[in-house]
Amino acid sequence: MMRYLKLLLLAPVAVVLVLLAVANRQIVTFVFDPLSRGAEAASITLPLFVFAFVVLCIGIVLGYSAAWLAQGKHRRAARSYKRECEKLTAERSELRAALPVTAPALLSQK
């Protein structure tokens, strides 16, 4: 279900991106040194849609990175809870092994 929902949301975005790429094929020059007027060595000339896609990709990477960093405390807590759960499970197994065999009612309760 989520797969179809993703497709439903991403298909129009992909169509719009392709239409923007077709409409913006003009060659533009991106200058890396804004202080000098004739700095042709510090510039790159590409179609406008390439710059738009590069900026979009950089934004996606930065967004994912920010989300990953923000969720660090939750991942750390999950690791801590997992270790505690494993410890308690091992302790429960040890306690069950130490129970006398004559207590079937206690063993059947989980």
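Scoring rules and cut-offs
Residues numbered from 1 in each chain as written. Predicted model: local features only at pLDDT ≥ 70, side-chain atom pairs only at ≥ 80, totals over all residues. Heavy atoms only, no water. Helix = DSSP H or I, 4+ residues; strand = E, 2+ residues; numbered from the N terminus. Buried < 20%, exposed > 50% of the residue type's maximum accessible area, 1.4 Å probe, protein only. Contact = heavy atoms within 4.5 Å. Lys, Arg positive; Asp, Glu negative; His and termini not counted. Charge placed at Lys NZ, Arg CZ, Asp CG, Glu CD. Phe/Tyr/Trp six-rings, centres within 6.5 Å; stacked < 30°, edge-to-face > 60°. Axes fitted to C-alpha atoms, helices over the stretch in contact; angles between N-to-C directions. Parallel < 35°, antiparallel > 145°, perpendicular 65-115°, else oblique. Nonpolar A, V, L, I, M, F, W, Y, C, P; charged D, E, K, R; others polar.

**Student:** Explain the overall build of the protein to me, and be specific about the residues and the numbers.
**Tutor:** A count of helical and extended segments in the protein gives four helices and two strands. N-terminal to C-terminal, the α/β element order of the protein is α-β-β-α-α-α. Overall size of the protein, expressed as C-alpha extent along the three principal axes, is 90 × 35 × 15 Å. Counting the 110 residues in the protein, one finds 6% classified as buried. Expressed as a percentage of contacts within the protein between residues at least 6 apart in sequence, the contacts between residues at least 24 apart total 17%. Separation of charge centres in the protein, based on 14 positive and 6 negative side chains, amounts to 8 Å.

**Student:** How would you sum up the environment of Ile27? Please name residues and give values.
**Tutor:** Relative to the helices and strands, Ile27 resides in strand β1 (residues 27-31). Note on Ile27: relative accessible area 57%, which makes it exposed. For the pair Ile27 and Glu86, spaced 59 residues apart in sequence, the C-alpha to C-alpha distance is 60 Å. With sequence-adjacent residues up to four places away left out, Ile27 is seen in contact with Thr45, Leu46 and Pro47.

**Student:** Can you tell me about the environment of Leu99, naming the residues and giving the values?
**Tutor:** Tracing the sequence through the fold places Leu99 in the loop between α3 (72-98) and α4 (104-108). Using a relative accessible area of 32% as the deciding quantity, one classes Leu99 as partly exposed. When the C-alpha positions of Leu99 and Thr29 are compared, they lie 78 Å apart, and in sequence the two are 70 residues distant.

**Student:** How would you explain the packing of aromatic side chains if you had to name every residue and give the values?
**Tutor:** Describing an aromatic ring pair means giving the distance of the ring centres and the angle of the ring planes. Tallying each qualifying case throughout the model produces three aromatic pairs. Relative to Phe32, the ring of Phe30 has its centre 5.1 Å away and its plane inclined at 80 degrees; by these criteria the two rings are edge-to-face. Ring centres 6.0 Å apart and planes at 75 degrees place the aromatic pair Phe49 and Phe53 in the edge-to-face group. One end of the pair is Phe49 and the other is Phe53, both in helix α2 (residues 48-70) and four residues apart, which spans about a single turn.

**Student:** Tell me about the environment of Val15, and please be specific about residues and values.
**Tutor:** The topology assignment puts Val15 in helix α1 (residues 2-23). Its relative accessible area of 48% is what places Val15 among the partly exposed residues. Along the sequence, Val15 and Lys87 sit 72 residues apart, while their C-alpha atoms lie 52 Å from each other.

**Student:** Help me get a handle on the packing of α2 against α3, residues and values and all.
**Tutor:** One can describe the packing of α2 onto α3 by two numbers: an axis separation of 4 Å at closest approach and a directional angle of 45 degrees. The angle between α2 and α3 falls in the class oblique. From α2, Trp68, Leu69 and Ala70 reach across to α3, where they touch Gly72, Lys73, His74 and Arg75. A breakdown of the residues in the contact of α2 with α3 according to their chemical character gives three nonpolar, two polar and two charged.

Geometric values such as these leave the question of function open.
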